[in-house]
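The residues making up each chain are set out below.
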Amino acid sequence: MVLRVRYRLFKSVFNDWSQVKRLGSSRGGGLSYFHNPGTEPLHYLTIGQLVTGAAGRWPDTDVFVSTQHGTRLTFSQVEQQANKLAAGFLDLGLVPGDRLGICSPNSAQWFLTALAASKAGLILVSDDPLQTVNVVSMNPAYMKEELEYCLQKVSVRALVTDETYKVQEYYKLLCEIVPNLSDLPQNTKLNCSKLPDFSAIIVNSEKNLPGTFRFCDVLESAGNLQRLHEVQERLRPEHIGNIQFTSGTTGKPKAVPLSHFNLINNAYNVGKRLGMNKKHSKILAQAPFFHALGYIAALMTSFHFGSTMVLPSPTFSVPDSSEAIKREKCTMLLGTPTMYVDLCNYVSNLSAEEQLLHKSPEIAISGGSLCLPELFRKMRDTFSCERVVSVYGMTEITAVTFQSTEHDSEFLMTSTVGKISDHVEAKVVDEEGLTVPFGTPGELWMRSFNTMTGYWEDEEATNRMFTKDKWLKTGDRFILHEDGYGQVVGRIKDMIIRGGENISPKEVEEFLITHPDILDAQVIGVTSERLGEEVACSLRVKSGTTITEQQVKDYCKGKISYYKIPKYVEVVDVYPTTGSGKIQKFKIREAMEKKLGINK
């Protein structure tokens, strides 16, 4: 049955492709290559210049609203505070090019720190693994190793953090890394043999913690604004503005440096295609700021288009997101598929009257991982959105490179990841690196202005990621159509090979969630001595329901090929995720193999 479904889906794709013929013409002589030159030139600006310009255009408009803490900041207030904080960073002895880490959930402090670092010429380091410990329970030893790894990897000079958040005790963790920290006077520089470059810890706390600076004191230190002005005069758009750590869904994270030019232009292209240049938007910022999606699509777009960013909670919280939508009448939602699964499920269980209060969103944006068509439709029905927007990209290419357009039909919004972004080239190749015909699956390669120059001090990983002519290998199995629209059909690394048969986890996942009691499914391959790999699945089921391994197998039997039916089935409450909401399949696989007693 699933094969017939897949046939009908692909037949539908090709039959309905006439819908987008008017948007473009065939390029590349029938081969899967597309270049979108765009209709506007790129912007040669720094982030600091963008922030200053926004304060001049919309001085009294709110740019940041925290519904949980009751904080509201206008564009002019943010400009003033970011300048003061930037000057305070320089007074601490930081100089342009230094790396400034942030170990904190979403907050006004995170927001201001990011902008201040850009103004001071500091390189912001967004630590994905550190954010993970806020939402995933880990033992203290692992958290210490993760923190040390990030500080060492890019030679962080100063760290902005909280004293605690929920069960996470950041200061105690730092005392383990810097052995004499608790014996040092307040407002003093560090001297740590393991981390020779690490000199300052700035804590968002009212306490006078030994060996640290208080965030509020640095902000109010009345630093030398003339010196800050001189620094900004020397900054250029090609200078690095942010180091993003990859999410670690397949292993240890790598550091991705992104320039002001990368960030500014990607954010503009994202916002323009969303229609943010046509009307004021209120963005529900559920995605974390440290993640490329949250940083670009919420934080940076606000300064291009005068939008208001609504922060419902420091980390994702379904009730807080629901409340923020109602209170602020958010017009745009931003999140990952995992977030939308939970939010839609929560809202659908409210009273009819309460559900009506969630109908203000006009656009729901989903990114960070693959989103199945059934979830897209549920998002549209739950919030009565005019558009459900899919975005596709990766950290190494500054967040977004494919995105739905405002003219897309429901078919395109639910069956593709949208059209290639402006000023971006894409092609799809086979295992030998040869470009395949349009409509043929292969690996997606990309090349554009927003591509990183290479991993931070990791030439070997950089060489694996790029071809000699600077095509970036995404590792995603992709179909490119002649009008620039694309479909993700799987992850090449995730392909399961069982007894010589190639199995796409995404295909099995799409089938499993058609079961009325299954909310979400993650399919992975576990080691098999005889077959190489066996299919296994980890399921989340609807509240109040249960499902057994045999029931899953019975549901699959006769509907999908026998070799695709999961041999092993487990039901869980939550999946292991990164702080950005990406599901870590390698951890699901490790846990299942341990449970099964499989020794590699």
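All values reported here derive from a predicted model rather than from experimental measurement.

Draft legend 1. Fine view of the overall build of the chain. Helix and strand content of the chain: 20 helices and 28 strands. With respect to the three principal axes, the spread of C-alpha positions in the chain is 70 × 60 × 55 Å. The 600 residues of the chain split such that 60% are buried. Considering only intrachain contacts with a sequence separation of at least 6, the fraction spanning at least 24 residues in the chain is 71%. Accessible surface computed for the chain: about 24,200 Å², of which carbon and sulfur atoms make up 49%. Separation of charge centres in the chain, based on 66 positive and 68 negative side chains, amounts to 3 Å.

Draft legend 2. Spatial organisation of the nonpolar core. Membership of the largest hydrophobic core comes to 97 residues, with the highest contact counts inside it found for Phe89, Phe111, Tyr295, Leu299, Phe303 and Phe402. Dropping the residues within four chain positions of it, Leu299 is found in contact with Trp110, Phe111, Leu115, Phe289, Gly294 and Met309. Counting residues in hydrophobic clusters, the runner-up holds 30 residues, among them Ile123, Cys150, Ile177 and Leu195.

Draft legend 3. Quick look at the sheet that holds strand S4 (residues 99-103). Strands sit in the order S10-S9-S6-S4-S5-S11-S12 across an open sheet of seven strands; the sheet is mixed. The strands lining the two open edges of the sheet, one partner per strand, are strand S10 (213-214) and strand S12 (255-259).

Draft legend 4. View of the environment of Thr67. By the element assignment, Thr67 lies in the loop between strand S2 (62-66) and strand S3 (71-74). Here Thr67 falls in the buried class, since its relative accessible area comes to 12%. Between the C-alpha atoms of Thr67 and Glu323, which are 256 residues apart in sequence, the distance is 8.4 Å. With residues near it in sequence (within four places) discarded, Thr67 still touches Val310, Leu311, Pro312, Ala324, Arg327 and Glu328.

Draft legend 5. Geometry of the pattern of salt bridges. Throughout the structure, instances matching the rule amount to 30 salt bridges. The salt bridge involving Glu328 is made with Arg72; its shortest N-O contact spans 3.1 Å. With a gap of 256 residues between them, Glu328 in helix H12 (residues 318-328) and Arg72 in strand S3 connect regions that are remote in the sequence. On the basis of relative accessible area, Glu328 is assigned to the buried category, the value being 7%. Given a relative accessible area of 41%, Arg72 falls into the partly exposed group. In this structure, Glu323 and Arg327 form a salt bridge, with 3.8 Å as the shortest nitrogen-oxygen distance. Here Glu323 pairs with Arg327, and both are found in helix H12, just four residues apart, close to one helical turn.

Draft legend 6. Examining unusual backbone geometry more closely. Non-glycine residue Thr398 carries a positive phi angle of around 55 degrees. A positive phi is found at His423, a non-glycine position, where the angle reads about 65 degrees. Counting through the fold element by element, His423 comes out in the loop between strand S19 (419-420) and strand S20 (424-429).

Draft legend 7. Spatial organisation of the side chain of Ser538. Tracing the backbone shows Ser538 in strand S27 (residues 532-541). Ignoring sequence-local partners within four residues, the contact set of Ser538 consists of Asp520, Ala521, Gln522, Glu570, Val572, Tyr575 and Ile588.

Conventions adopted
Numbering of residues starts from 1 in each chain and follows the order in which that chain's sequence is written. Where local features are concerned, this predicted model is filtered to residues with pLDDT of at least 70; where side-chain atom pairs are given and counted, the filter is 80 or more; whole-chain, interface and lining totals use all residues. Hydrogens are left out, water is left out, and the side-chain values use all remaining heavy atoms of the structure. In this text, helices come from DSSP runs of H or I with a minimum length of four residues, and strands from runs of E with a minimum of two, each type numbered from the N-terminal end. For each residue, the accessible area found with a 1.4 Å probe, counting protein chains only, is set against the maximum for its type, and the residue is called buried under 20%, exposed over 50%, and partly exposed in between. We call two residues in contact whenever any of their non-hydrogen atoms come within 4.5 Å of each other. Each accessible area is a Shrake-Rupley result for a 1.4 Å probe, and residues are judged covered by the shown protein chains and nothing else. A residue counts as positive if it is Lys or Arg and as negative if it is Asp or Glu; His and the chain ends are not included. A charged residue contributes its charge at one atom only: NZ of Lys, CZ of Arg, CG of Asp or CD of Glu. To qualify as a nonpolar core, a set must consist of buried Ala, Val, Leu, Ile, Met, Phe, Trp, Tyr and Cys residues joined through side-chain atoms within 4.5 Å. When DSSP finds at least two bridges between two strands, those strands are taken to pair. Any Lys or Arg side-chain nitrogen located within 4 Å of an Asp or Glu carboxyl oxygen qualifies as a salt bridge.

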